[in-house]
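Per-entry structural report
The residues making up each chain are set out below.
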Protein chains: 2
Amino acid sequence: MTITEVSEKFDLTQDTLRYYERIGLIPHVNRNKSGIRDYTEEDCKWVEFIKCMRNAGLPIEALIEYVALFQQGDETIGSRKELLTEQRKQLIRRMEDMQKTLERLNYKIESYEQSVVKKEKELKRAED
Amino acid sequence: MTITEVSEKFDLTQDTLRYYERIGLIPHVNRNKSGIRDYTEEDCKWVEFIKCMRNAGLPIEALIEYVALFQQGDETIGSRKELLTEQRKQLIRRMEDMQKTLERLNYKIESYEQSVVKKEKELKRAED
DNA sequence: GCTTGACCTGGTGTTAACTCCAGATGATAG
DNA sequence: CTATCATCTGGAGTTAACACCAGGTCAAGC
């Protein structure tokens, strides 16, 4: 796949794709004989995986380390599992925070609901 | 309350508190006769509210608008409710994304679990 | 009355995560 | 053969969200 195709497929700019590769957020993509990137199926999976993880707020740092570990082979399976477990922990924490915020928003919106109703009633009375 | 106390209470730097006030992320805080900020109970509630919302990833822009609407009085109750409802929608969307990512992490970690076990077995065989 | 320390304002500095650009190159269409 | 076009690389520019700083004020302790 060309970079244009990957860019469209995952809705990331070409610059972002090149940037991700440069900083090691995805493994190095092979080039064809004239130096142009040719994304394999696996490259695409990496892109998609990274996009998903970034979307959920996992820190770039941790993901770079994960990719680096991956490239060092099977010796690092333990470390990778640890890394992901730690990130999962933090993800859960963030989700809990968001859950609390959500409940708070729900409450606030409900209060506004009642204010609006009250306001409408006042207006109605004013009409009488 | 002094800015130092508020800063410590909510774990935000004084610079951040002043910054938030400057850009309208919290309403203007009154100063005493010598120009020093004196946070009321309500000011504190705003700080805490904003911190909570920012923590959950609500965009600063939206919060600034919310504060501005609030300061315009009861006329804006409807708009405020709409604004919060929209932000809630987006918050829910983010949480759903994160939920998917979480499940993916769970799956990946589980796979690693098995890899580790397999690896240990190989080592054991090698010992024999 | 002088020093100290918390606080002020306005403005500059920093960092992360892209984003844009210039100049070069190789393939392709006419 | 030439012009166009997608792509390349290395490096500079941008934006958000603070963080830091200089120079000044004011109240309090000694």
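Look above for the structure.
Criteria and thresholds
- Residues numbered from 1 in each chain as written.
- Chains lettered and ligands numbered in written order.
- Predicted model: local features only at pLDDT ≥ 70, side-chain atom pairs only at ≥ 80, totals over all residues.
- Heavy atoms only, no water.
- Near = heavy atom within 4 Å.
- Polar contact = N/O pair within 3.5 Å; in protein donor to acceptor, adjacent residues only side chain to side chain.
- Helix = DSSP H or I, 4+ residues; strand = E, 2+ residues; numbered from the N terminus.
- Buried < 20%, exposed > 50% of the residue type's maximum accessible area, 1.4 Å probe, protein only.
- Arc of directions from axis to C-beta.
- Least-squares fit on C-alpha atoms with pLDDT ≥ 70 in both.
- Contact = heavy atoms within 4.5 Å.
- Phe/Tyr/Trp six-rings, centres within 6.5 Å; stacked < 30°, edge-to-face > 60°.

So, about the protein's contact with DNA strand D. Looking at DNA strand D, there are 18 residues lining it, with T4, R18, R31 and R37 of chain A together with T16 of chain B nearest. Taking all atoms of DNA strand D within 4 Å of the protein, the share assigned to sugar and phosphate is 74%. One nitrogen or oxygen atom from the side chain of R18 of chain A is found 2.5 Å from a phosphate oxygen belonging to DNA strand D. At a separation of 3.3 Å, a phosphate oxygen of DNA strand D approaches a polar side-chain atom of T13 of chain B. For the surface near DNA strand D, the secondary structure elements donating two or more residues are α1 (3–10) and α2 (14–22) of chain A together with α2 (14–22) of chain B. At four residues, the largest contribution of residues to the surface near DNA strand D is made by α2 of chain B.

Residue and element names in this part refer to chain B. Taken together, the buried positions of α2 are occupied by L17, Y20 and E21. Here the buried residues of α2 occupy an arc of 100 degrees about the axis, which is enough to place them on one side. Of the residues in α2, the exposed ones pointing more than 90 degrees away from the buried face are D15 and R22. At the C-terminal side of α2, G24 shows a positive phi close to 85 degrees.

On to the relation of the copies chain A and chain B. Between chain A and chain B, which share one sequence, the superposing operator has a rotation angle of 180 degrees and an axial displacement of 0.0 Å; the RMSD is 0.1 Å. On this basis, the relationship between the two copies can be described by a two-fold rotation axis. Closest approach to the rotation axis within chain A is made by the C-alpha atom of M95 of chain A, at a distance of 3.3 Å. Most of the interface of chain A is mirrored in chain B: 97% of its interface residues are interface residues there too.

Moving on, we come to the packing of aromatic side chains. Residue and element names in this part refer to chain A. Applying the stated criterion to the full structure yields 10 aromatic pairs over all chains. On the numbers, 6.0 Å between centres and 80 degrees between planes, the contact of W46 with F49 is edge-to-face. With a gap of three residues between them, W46 and F49 both fall in helix α3 (residues 41–55), about one helical turn apart. The same class applies to W46 and to F49, which are both buried. Note on F49 and Y66: the rings are 5.8 Å apart at their centroids and 45 degrees apart in plane angle, and the pair reads as tilted. Residue F49 is found in helix α3, and its partner Y66 is found in helix α4 (residues 60–71); the two are separated by 17 residues along the sequence. Accessibility classification places F49 together with Y66 in one group, the buried group.

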